[in-house]
Amino acid sequence: MRLRNKLLCHVAWISITAVLAVTHAQTPGSPDRGPVELEADSAEVDDASGRSVYKGDVVLTRGSLRITGDVMRAFVDAHRQLQRVVVEGVPATYRETLPDASSRHAEAPRMEYFTSGPERLILLEGARLWQGDNTVTGETITHYPAEDRTVAEGAGGGDGRVNVRVLPAPEGDQ
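Here's a quick rundown of the structure. (Residues numbered from 1 in each chain as written. Predicted model: local features only at pLDDT ≥ 70, side-chain atom pairs only at ≥ 80, totals over all residues. Heavy atoms only, no water.)

What follows concerns the overall build of the protein. The number of helices and strands found in the protein is one helix and twelve strands. Sequence-ordered secondary structure for the protein, helices as α and strands as β, is α-β-β-β-β-β-β-β-β-β-β-β-β. Burial statistics for the protein: of 174 residues in total, 37% are counted as buried. Summarising the internal contacts of the protein: among those between residues at least 6 apart in sequence, 37% fall at separations of at least 24. For the protein, the computed accessible surface area is about 10300 Å², with 50% contributed by carbon and sulfur atoms. (Helix = DSSP H or I, 4+ residues; strand = E, 2+ residues; numbered from the N terminus. Buried < 20%, exposed > 50% of the residue type's maximum accessible area, 1.4 Å probe, protein only. Contact = heavy atoms within 4.5 Å. Areas by Shrake-Rupley, 256 points an atom, 1.4 Å probe, with all protein chains shown as cover.)

Tracing the backbone shows Thr150 in strand β11 (residues 149-153). Considered as a pair, Thr150 and Ile122 are 28 residues apart in the sequence and their alpha carbons are 9.8 Å apart. If we ignore the near neighbours within four places in the chain, the residues touching Thr150 are Leu129, Ile141, Thr142 and His143. Within the local environment of Thr150, its side chain forms a polar contact with the side chain of His143, the two groups lying 2.8 Å apart. (Polar contact = N/O pair within 3.5 Å; in protein donor to acceptor, adjacent residues only side chain to side chain.)

This brings us to the side chain of Ser52. Tracing the backbone through its elements, the reader meets Ser52 in strand β3 (residues 51-62). Accessibility expressed as a relative area gives 2% for Ser52, which makes it buried. Within the structure, Ser52 has its side chain in polar contact with the side chain of Tyr54 (distance 3.0 Å).

The phi angle of most residues is negative, glycine excepted, and most peptide bonds adopt the trans form. Looking along the chain, the bond that leaves Val90 and enters Pro91 is cis, with omega of -10°. As for its placement among the helices and strands, Pro91 is situated in strand β5 (residues 82-96). A cis geometry characterises the amide bond from Gly117 onward to Pro118, with omega recorded as -20°. Residue placement: Pro118 occurs in the loop between β6 (104-114) and β7 (120-124).

The buried fraction of strand β10 (residues 140-144) is high, at five of five residues. Of the two faces of β10, the one holding Thr140, Thr142 and Tyr144 and the one holding Ile141 and His143 are both buried throughout. As paired elements, β7 and β10 share three bridges and run antiparallel to each other. Opposite Leu123, over in β10, you have Ile141 as the bridge partner. (Pairing = 2+ DSSP bridges.)

As structure tokens, this is what we get:
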């Protein structure tokens, strides 16, 4: 029985590694971020459908990008290229370390990260995105990292407005 459990664990690990072994091939229009590494308390991988579900203190890293949450669903294409990640958390978080600027951070109860077409992060159900002292809050925020562009929407009805705070650049940075 113990040998069988070890074998099943080994087969599961190989399946998870195969699904997440995103090659270094670059999708047109998106930066090459390298392989995906994922940690969680549990994982369920369906190779046939290209879908996997990770639960419990989930951490996804890919180059300078880090996404965390309570539950994460990953979707890969037929070539095992990561296409999309849906993450839920209290809150789900995003962090991107930038080479010549402050790190970019985000949090929301739910977020979707698309690796191509173009690369984008969609923050849902009440979100906040910030870099240094500059912040954007709204019901839905879509951020395009390669374009350094953000689109924010307030909640429908009521006074659910978008809030943006942008500080002027220091004298030497203009």
